[in-house]
Amino acid sequence: MRSAAAVVRTTLAAVALCALAAGCGGDSGTQSGTGGSGPSGSASGPGKPGRYSALPEPCGSVSESTLQRLLPDAAPEVYRGTPTETYDSGRRSGCTWQGTDPESGNTLRLTVDFERVISYDPQVSDDDQAELDFADRATEAGLPSPDAPEDPDAPGSPDAPQDGDDTGDDTGDGDADGDADSDDTESGTDAGAATGTDSDGNPVPRDIGIGHDAYLDDRLSTTTTGAHREVTVAFRSANVIATVHYTEITTRTGAPPESGPLQDGAQRVGRHLAGGFDD
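Residues numbered from 1 in each chain as written. Predicted model: local features only at pLDDT ≥ 70, side-chain atom pairs only at ≥ 80, totals over all residues. Heavy atoms only, no water.

### Section: the pairing of strand β5 (residues 213-223)
And then number 1: As defined by bridge partners, strand β4 (residues 206-207) adjoins β5 across 2 bridges and the pair is classed as antiparallel. The residue of β5 that forms the bridge with D207 is Y215.
And then number 2: Between the end of β4 and the start of β5, which pair antiparallel, lie 5 residues, with G211 showing a positive phi angle near 60 degrees.
And then number 3: Two strands pair when backbone bridges link them, and β5 and strand β6 (residues 226-237) are joined in this way by 11 bridges, in the antiparallel orientation. (Pairing = 2+ DSSP bridges. Helix = DSSP H or I, 4+ residues; strand = E, 2+ residues; numbered from the N terminus.)

### A few points about the state of the cysteines
And then number 1: All chains considered together, the criterion is met by 1 disulfide.
And then number 2: Bridging C59 to C95, the disulfide has an S-S length of 2.1 Å. Residues C59 and C95 are joined through a disulfide that is right-handed, its torsion about the S-S bond being 95 degrees. Placement of C59 in the loop between α3 (38-42) and α4 (64-70) and of C95 in strand β2 (residues 92-100) is noted, with a sequence separation of 36 residues between them. (Disulfide = S-S within 2.5 Å.)

### Comments concerning the pattern of salt bridges
And then number 1: All told, the structure shown has 6 salt bridges when counted by the stated rule.
And then number 2: Ionic pairing is found between R236 and D213, a salt bridge with its closest N-O pair at 2.8 Å. Here R236, found in strand β6, pairs with D213, found in strand β5; they are 23 residues apart in sequence, far enough to count as distant. (Salt bridge = Lys/Arg side-chain N within 4 Å of Asp/Glu carboxyl O.)

### A word on the packing of aromatic side chains
How two aromatic rings sit relative to each other is given by the distance of their centres and the angle of their planes.
And then number 1: Enumeration over the complete set of coordinates arrives at 4 aromatic pairs.
And then number 2: Considering the side-chain rings of Y52 and F277, the 5.1 Å spacing of their centres and the 65 degrees angle between planes classify their relative orientation as edge-to-face. Of this pair, Y52 sits in the loop between α3 and α4 while F277 sits in the segment after α9 (259-274), placing them 225 residues apart in sequence. For the pair shown, Y52 and F277 are each scored as buried.
And then number 3: Judged by centre distance (6.3 Å) and plane angle (75 degrees), the ring pair of F235 and F277 falls under edge-to-face. Of this pair, F235 sits in strand β6 while F277 sits in the segment after α9, placing them 42 residues apart in sequence.
And then number 4: Under the relative-accessibility criterion, F235 is labelled buried at 1%.
And then number 5: Pairwise contacts between aromatic rings join Y52, F114, F235 and F277 into one cluster. (Phe/Tyr/Trp six-rings, centres within 6.5 Å; stacked < 30°, edge-to-face > 60°. Buried < 20%, exposed > 50% of the residue type's maximum accessible area, 1.4 Å probe, protein only.)

### Description of the environment of D207
And then number 1: Tracing the backbone through its elements, the reader meets D207 in strand β4.
And then number 2: Remark: the alpha-carbon pair of D207 and F235, spanning 28 residues in sequence, is separated by 9.6 Å.
And then number 3: For D207, the residues in contact, after removing those within four places along its chain, are L143, A214 and Y215. (Contact = heavy atoms within 4.5 Å.)

### Focus: the environment of L273
And then number 1: Tracing the sequence through the fold places L273 in helix α9.
And then number 2: Spatially, the C-alpha atom of L273 lies 9.5 Å from that of S63, the residues being 210 residues apart in sequence.
And then number 3: With sequence-adjacent residues up to four places away left out, L273 is seen in contact with S61, V62, V112, F114, F235 and V244.

### Quick notes on unusual backbone geometry
And then number 1: Positive phi, close to 60 degrees, is recorded for D73, a residue that is not glycine.
And then number 2: Position of D73 among the secondary structure elements: in the loop between α4 and α5 (76-80).
And then number 3: At A238, a position not held by glycine, the phi torsion is positive, near 55 degrees.
And then number 4: The topology assignment puts A238 in the loop between β6 and β7 (240-249).
And then number 5: What makes A238 buried here is its relative accessible area of 1%.

Structure follows, in structure tokens:
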């Protein structure tokens, strides 16, 4: 009997040790596969949050001195701007200012728009998603895709033939008004970009040096009663995409709105906005 009891005690001790030992039994494989820890769990973690978790107050984002320059002699309420209605101001916000040019009588309109990009792919950060979204916008605007091979004969290419002596005229102009501020240096850099027109006679969209990525698009449309020219400057700063539209509308036939002042104004606002982000 003593021998049998000893056998039982030995057997029970072995069972207890087996239950405590790592890898004993058939559950170890299942446990390692269902937990979220370890290398396999960490690899599927969320993407990195974007640099910016909020957006600027849109109607306060442009200085009054800039507004007075782009919308001269407007009423005080014009410079306060009209906020854009959005469902979530933390994700999308904007503002519009509209006045009348005192000399020509043309309508002048300035609009700014901010979008904070959030990635819903755990493998893609907010900043990277914004870069992808911005590249898609630039391609839709007419800029070549970053993955497309460069066409040396395409309008706007540095190797493409240019009309007249536009390239020489643009290289050293900077801002035509000659203001001694930081905008002039930036504008001079942008003015050195190659020029050209598309099949509709609009200036070819081009990359410009604002924020992390930026482009300028200049569009003119005419009707029997007037013309509408809109210059768009869009740029990305980390996970925020900002868009500026500076528009002039005429209600009579004749010479359409000039491109230069609108491009200069839109770039001025774009650089002003970009300066508000912590790059």
